[in-house]
Amino acid sequence: MKWKWRILTEENAIWSSLLKHRYSHPEAKMFVNDTCGITTRDSIWWRDLMMINGCESSYGLTVSDLIYCRIHNGESTSFWFSKWVGDQNISEAYPELYAKACSPAMTVAEAGYREGSVWMWDVARWIIEPDEDDLMLLAMLSDQMQDFSPDNQGKDVFVWAKDESKGFSVKACGEEIRRFGMAADLHPGTLNRLTFMWKLNVPSKVAIFAWRLILDRLPTRDHLKSKGILIDDNVCCCAFCPHVLETSSHLFDDCVISDRIWRKISQWIGISGKLTTAELKNFSNHFEKIKAKDERLTVGVIWLAVLWNLWKVRNAIIFNGYIFNFDECYSSIILSSWKWFRTVNVSSSACNYHYWNILPLSCLQG
């Protein structure tokens, strides 16, 4: 969210000019909850930023819930996803129209044109093949938007909706997310697990993966079966061990392959006196058992490295026909956890791969 706010408000920064040249109207795209515009040519950072939009939407709290747009030239505001007319964004207020949207990433400026000094909305640009019901909804929407037409008097302004006087801060954003979580009836234990997970220094895509895992929203085969995407029971089994339905708890905990990985990792970390293998598997529920903060966060990074690599191997088996190799998986966990650890401990003299491979927690003493 911090980067989204910076993209929306720091238009004079050099990096902002680069984003505008590369991605065209990056401000409007901060609100878009449709990932169809992501391409393989986009940077990993940009793809992660855009994919977060969809995850926020599935969770129920979106950027438009936190940031309101005041229209001027309309070039930086998403027509469908920004909250700029009324109390809802248009995609939520008129879902029937959005289902036929010509372009989910359309800006307000692209939704019309200026004829002399008068702004004209061009409904033909909004949706594909409108029927009679759509035309009635378009007429209602056009009437609603008459007082919100672009005035061409400067650039669009973005306001922190929850407290306009104080504006955005990471603390305020975190409080709002936590408040929303409680309003969404999340169990206090789940909120505690999420709060700990977000403190871990891992790539954003890994953090999103862990967030979905904690909320039990990964596309595991049991979920795909419940949604009718998978029908045949024979393709719903665990990728590691046949004849067992794949669930999150089985894949990352009960499976004989993952259990073997966890036992090996537990021996490698060397904390058997503080944490059992079963507690390491569900570390977000037991992290308070590790009293030292640095040690707790380091074990958390390793915990996520195990989960992430098991998930990657699972996908490789399903989609690429990969044959599981225990040593390769174990080595990948050690390497990826070391890389993540290094990003915040780069100055540590003991933080080299040799020491990490032998006893990772010893690197905290360098």
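Parameters and conventions
Throughout, a residue's number is its position along its own chain's written sequence, starting from 1. It should be noted that, the model being predicted, local features are given only for residues of pLDDT at least 70 and side-chain atom pairs only at 80 or more, the latter also being counted only at that level, while totals for whole chains, interfaces and linings use all residues. By convention in this description, side-chain values take in all heavy atoms of the structure and omit both hydrogens and water. Secondary structure counts use DSSP, requiring at least four H or I residues in a row for a helix and at least two E residues in a row for a strand, with both numbered from the N terminus. Only protein chains enter the accessibility calculation, which uses a 1.4 Å probe; a residue is then buried when its area is under 20% of its type maximum, exposed when over 50%, and partly exposed in between. In what follows, residue pairs with any heavy atoms lying within 4.5 Å of each other are defined as contacts. Any helix carries an expected span of 1.5 Å times its number of residues minus one. Sulfur atoms of two cysteines make up a disulfide when they are within 2.5 Å. Patch definition: residues with relative accessible area over 30% and no salt bridge; like charges joined within 9 Å; nonpolar side chains (Val, Leu, Ile, Met, Phe, Trp, Tyr) joined within 5 Å. Using a 1.4 Å probe, the Shrake-Rupley method yields the accessible areas, and only the shown protein chains count as cover for residues. In what follows, salt bridge is the name for a side-chain nitrogen of Lys or Arg lying within 4 Å of a carboxyl oxygen of Asp or Glu. In this scheme Phe, Tyr and Trp rings, the latter by its six-membered ring, pair at centre separations within 6.5 Å, and the angle between planes marks the pair as stacked below 30 degrees, edge-to-face above 60, and tilted otherwise. We call a charge positioned over a ring when the NZ of a Lys or the CZ of an Arg lies within 6 Å of the ring centre and within 35 degrees of the ring normal. Orientation is described by lines fitted to C-alpha atoms, with helices fitted over the stretch in contact, and by angles between N-to-C directions that extend from 0 to 180 degrees. What sets the label is the angle itself: under 35 degrees gives roughly parallel, over 145 gives roughly antiparallel, 65 to 115 gives roughly perpendicular, and the rest give oblique. Under this rule, positive means Lys or Arg and negative means Asp or Glu; His and the chain ends count for nothing. For this analysis, a polar contact is any N or O atom pair within 3.5 Å, provided that within protein one partner can donate a hydrogen and the other can accept it, and provided that sequence-adjacent residues contribute only side-chain to side-chain pairs. Two strands pair under a simple rule: DSSP has to find at least two bridges between them.

**Q** Just checking my understanding: could you explain the overall build of the protein chain for this structure?
**A** Each helix and strand counted, the protein chain has 19 helices and four strands in total. Taking all 366 residues of the protein chain together, the buried fraction comes to 47%. Looking at the protein chain alone, contacts between residues at least 24 apart form 59% of all its contacts between residues at least 6 apart.

**Q** Explain helix H17 (residues 293-320) to me, please; I cannot follow it from the model alone.
**A** Counted at 1.5 Å a residue, the expected span for H17 with its 28 residues is 40 Å, and the 39 Å between its end C-alpha atoms agrees. Burial of H17 is extensive: 20 of the 28 residues sit out of reach of the surface. Once H17 ends, the next one or two residues include Gly321, with phi positive near 70°.

**Q** Can you help me understand the state of the cysteines in this one?
**A** Each disulfide consists of one covalent bond between the sulfur atoms belonging to two cysteines. Enumeration according to the criterion identifies zero disulfides in this entry. Cysteine Cys241 is unpaired, with the sulfur of Cys255 as its nearest cysteine sulfur at 3.6 Å.

**Q** So what exactly am I meant to see when it comes to the environment of Leu310 here?
**A** Inspection of the secondary structure puts Leu310 in helix H17. Distance in space between the C-alpha atoms of Leu310 and Ser332 is 9.8 Å, their sequence separation being 22 residues. Ignoring sequence-local partners within four residues, the contact set of Leu310 consists of Phe240, Phe252, Ser258, Ile261, Trp262 and Cys329.

**Q** What am I meant to see in a nonpolar patch on the surface here?
**A** On the surface, Tyr113, Val118 and Met120 cluster together to form a nonpolar patch covering roughly 230 Å² of accessible area. Mapped onto the elements, Val118 comes out in strand S3 (residues 118-121).

**Q** Mind showing me how you'd approach the environment of Asp134 here?
**A** Note that Asp134 resides in helix H8 (residues 132-145). Look at Asp134 and you get buried, because its relative accessible area is 4%. Once the C-alpha coordinates of Asp134 and Lys100 are considered, the two residues, 34 residues apart in sequence, prove to be 9.4 Å apart.

**Q** What am I meant to see in the packing of aromatic side chains here?
**A** Any aromatic ring pair is given by two values, namely how distant the centres are and how the planes are angled relative to each other. Applying the stated criterion to the full structure yields 22 aromatic pairs. With a centroid separation of 5.2 Å and 80° between ring planes, the pair formed by Trp3 and Trp15 is classed as edge-to-face. Of this pair, Trp3 sits in helix H1 (residues 2-9) while Trp15 sits in helix H2 (residues 14-23), and the two are twelve residues apart along the sequence. Chaining the aromatic ring pairs together yields one cluster made of Phe79, Trp80, Phe81, Trp84, Tyr98, Trp119, Trp121 and Trp126. The ring of Trp3 carries Arg6 above its face, with NZ or CZ at 4.6 Å from the centroid. It is Arg260 that lies over the ring of Phe326; its NZ or CZ is 3.9 Å from the centre.

**Q** Honestly, the packing of helix H11 (residues 204-214) against H17 in this entry has me stumped. Any pointers?
**A** Axes are the key here: two packed helices are described by the angle between their axes and the distance separating the axes. Axis separation between H11 and H17 bottoms out at 10 Å; the angle between their running directions is 85°. Judged by the inter-axis angle, H11 sits roughly perpendicular to H17. Mapping the contact onto sequence places Lys205, Val206, Phe209, Ala210 and Leu213 in H11 and Leu304, Leu307, Trp308 and Trp311 in H17.

**Q** How should the side chain of Asp156 be read in this particular structure?
**A** Relative to the helices and strands, Asp156 resides in the loop between H8 and strand S4 (157-160). Buried charge without a partner: Asp156 forms no salt bridge, and the closest opposite charge is Arg114, 9.8 Å away. A distance of 3.4 Å separates the side chain of Asp156 from the backbone nitrogen of Glu75, its partner in a polar contact. For Asp156, the side chain forms a polar contact with the side chain of Thr77, separated by 2.8 Å. When neighbours within four sequence positions are excluded, Asp156 is seen to be in contact with Arg70, Ile71, His72, Asn73, Gly74, Glu75, Ser76 and Thr77.

**Q** Honestly, the pairing of S3 in this entry has me stumped. Any pointers?
**A** Along any regular strand, the residues point their side chains to alternate faces of the sheet. Across the two faces of S3 the burial differs, with Trp119 and Trp121 buried and Val118 and Met120 not buried at all. Judged from the four bridges that link them, strand S2 (residues 112-115) and S3 form a sheet pairing that is antiparallel. Within the sheet, the bridge partner assigned to Arg114 lies in S3 and is Trp119. Counting the residues in the hairpin turn of S2 and S3 gives two residues, including Gly116, whose phi is positive at 70°.

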